[in-house]
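# Notes for the structure review
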Amino acid sequence: MKTLGIIFGNLHDKDIGELTAVRSLASVPFGGRFRLIDFVLSNMVNSGITKVGVITKNNYQSLMDHVGSGKHWDLSRKNGGLIILPPYGGGDKDLYSHRLGAIKNIEQFIRHCDEDYVVFSDCDNVCNINLANVVQTHIDSHADITLVTRKKNLTNCKPRTIIDIDKDGKVVKVVNTNKASGENIVFANIFVMNRKFLLNLLDTATDLGYVSFTHDILANGCNQYKIFAYMQDGYFANIDSLSNYYKHSLELLNKDIRDELFYRDGANIYTKVRDSAPCRVGSQAKITNSLIADGCDIQGEVSNSILFRGVKIAKMAKIANSIIFQDAVIGEGSSLNCVIADKLVTVLEGRTLSGHETHPYFISKHAVI
């Protein structure tokens, strides 16, 4: 069962523009020492996928620095391994703005592969899923397309792709709407296709002028193609807004969620390894219910927060319900509550900053407050 993995690295950058102004969505920091791409990369490697292409469009310097040759995910290989797929794969290609366009952009790459199946995934899915089971279900059901779905209680007006299935798991209706409420089956932006079927589909899409994967292929193809659903259980976070990023980040303070996400069924989440000094905690420091990465220097108080590598918290500073990115410095006597501080932020002495759990206060990279 030879499977190719494809990751969309920039597809939803606009959803959290504050964090993606200087980086791609795939390289957004998460959980103290990880990046969002770590989760989907680890899922693919843990599922036996050893050839992974990452579709990029812009702001992907930090992504390339993070993933490197792929050695931290055992993807530094002579055959296969990790491949960065920048825009303009061919001279006549336009810069894509949607999922189908991104796939068309790498059509020649897919044609030159010899894998039987292709697993596609967005990079903003924070979960621990066995994709080998998804592919096997795809094979067993003789499907053309298999969509990973999950049950979600919808309470806001953000557009979602809603799926209706019959008793056999076949998809009978696909609707993209912002009017759904209550518990629904939603598309998790992970799907599997036969590679040859995909190539034929791309030819058809070009001939018919298709522009949307959801509307033109899924919604209109329920009666034409064999589309099946694979229901994902367990923890799943979709990072589609700054408030959701904040919410799901702080969920990691719950040990049960951490264990399920990072160690489910023995499948670990891997990231780039850095050689940093251990965290230094001063004699007057106080830390409660927080995740602290290596290299931090804490002299003040930290509670219900996540600190990335190299963060410095001065004496009498108080950090609560906040996320502080790498190498930020919080001055003496400052107080932060419900704050997301990007990398290399400096908060001077005696500052008081506060947001709300539904609208955290964001400080951009390199800012001095």
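We now turn to the structure provided with this report. Remember, predicted model here, so these are calculated numbers, not experimental data.

### A look at the pattern of salt bridges
Across all of its chains, the model carries 14 salt bridges by this definition. Residue Asp 342 is joined to Arg 23 by a salt bridge in which the shortest nitrogen-to-oxygen separation is 2.8 Å. Here Arg 23 lies in the loop between helix 1 (17–20) and strand 2 (29–30) and Asp 342 lies in the loop between strand 25 (339–341) and strand 26 (346–347), a separation of 319 residues in the sequence. Judged by relative accessible area, Asp 342 falls into the buried class, the value being 1%. One salt-bridge network, in which partners are shared between bridges, spans Glu 107, Arg 111 and Asp 203.

### Details of the sheet that holds strand 27 (residues 352–354)
Strand order in the open sheet made by the 5 strands is 15-18-21-24-27, with parallel pairing throughout. Looking at the sheet topology across the chains shown, the edges are occupied by strand 15 (286–288) and strand 27. Averaged over all pairs of adjacent strands, the angle between their axes in this sheet comes to 0°, without regard to strand direction. Relative to strand 18 (residues 301–303), strand 15 runs parallel, the two being bridged by 3 bridges. In the strand pairing of strand 18, Thr 288 is matched with Ser 303.

### Quick word on the nonpolar core
Grouped together as the largest cluster of nonpolar side chains are 57 residues, with contacts concentrated most on Ile 7, Ile 37, Leu 41, Val 126, Tyr 245 and Ile 323. With 6 residues, the single largest contributor to this core is helix 2 (residues 36–46). Here Leu 41 is in contact with Ile 7, Val 52, Val 67, Trp 73, Leu 75 and Leu 82, once residues within four sequence places are set aside. Within the second largest apolar cluster, 38 residues are counted, among which are Leu 4, Ile 163, Cys 222 and Tyr 225.

### Quick look at the environment of Arg 150
Mapped onto the elements, Arg 150 comes out in strand 8 (residues 145–154). The class for Arg 150 is buried, based on a relative accessible area of 8%. Linking Arg 150 and Glu 183, residues 33 residues apart in sequence, is a C-alpha distance of 10 Å. For Arg 150, the contacting residues outside a window of four places in its chain are Asn 184, Ile 185, Val 186, Ala 188, Met 231, Gln 232, Phe 236 and Asn 238.

### Brief notes about the packing of aromatic side chains
Given two aromatic rings, their pairing is described by the distance between the two centres and the angle made by the two planes. Counted according to the given criterion, the structure contains 13 aromatic pairs. Measuring from ring centre to ring centre gives 5.9 Å for Phe 30 and Tyr 245, while their planes differ by 70°; the resulting arrangement is edge-to-face. Taken together, the positions of Phe 30 in strand 2 and Tyr 245 in helix 9 (residues 242–251) put the pair 215 residues apart, joining distant regions of the chain. Judged by relative accessible area, which is 0%, Tyr 245 ranks as buried. Taking 6.0 Å as the distance between ring centres and 40° as the angle between the ring planes, the aromatic pair formed by Phe 34 and Phe 39 counts as tilted. Across the pair, Phe 39 and Phe 34 agree in class, each one buried. An aromatic cluster of at least three residues, connected via ring pairs, comprises Phe 30, Phe 34, Phe 39, Tyr 245, Phe 262, Tyr 263, Phe 308 and Phe 325.

### Thoughts on the pairing of strand 10 (residues 171–177)
As defined by bridge partners, strand 9 (residues 160–165) adjoins strand 10 across 6 bridges and the pair is classed as antiparallel. Bridge pairing in strand 10 places Arg 160 opposite Thr 177. With antiparallel pairing between neighbouring strands as the criterion, strand 9 and strand 10 make up a hairpin whose turn holds 5 residues, including Gly 169 at a positive phi of roughly 90°.

Definitions and cut-offs
Residues numbered from 1 in each chain as written. Predicted model: local features only at pLDDT ≥ 70, side-chain atom pairs only at ≥ 80, totals over all residues. Heavy atoms only, no water. Salt bridge = Lys/Arg side-chain N within 4 Å of Asp/Glu carboxyl O. Helix = DSSP H or I, 4+ residues; strand = E, 2+ residues; numbered from the N terminus. Buried < 20%, exposed > 50% of the residue type's maximum accessible area, 1.4 Å probe, protein only. Pairing = 2+ DSSP bridges. Axes fitted to C-alpha atoms, helices over the stretch in contact; angles between N-to-C directions. Core = buried A, V, L, I, M, F, W, Y, C linked by side-chain atoms within 4.5 Å. Contact = heavy atoms within 4.5 Å. Phe/Tyr/Trp six-rings, centres within 6.5 Å; stacked < 30°, edge-to-face > 60°.

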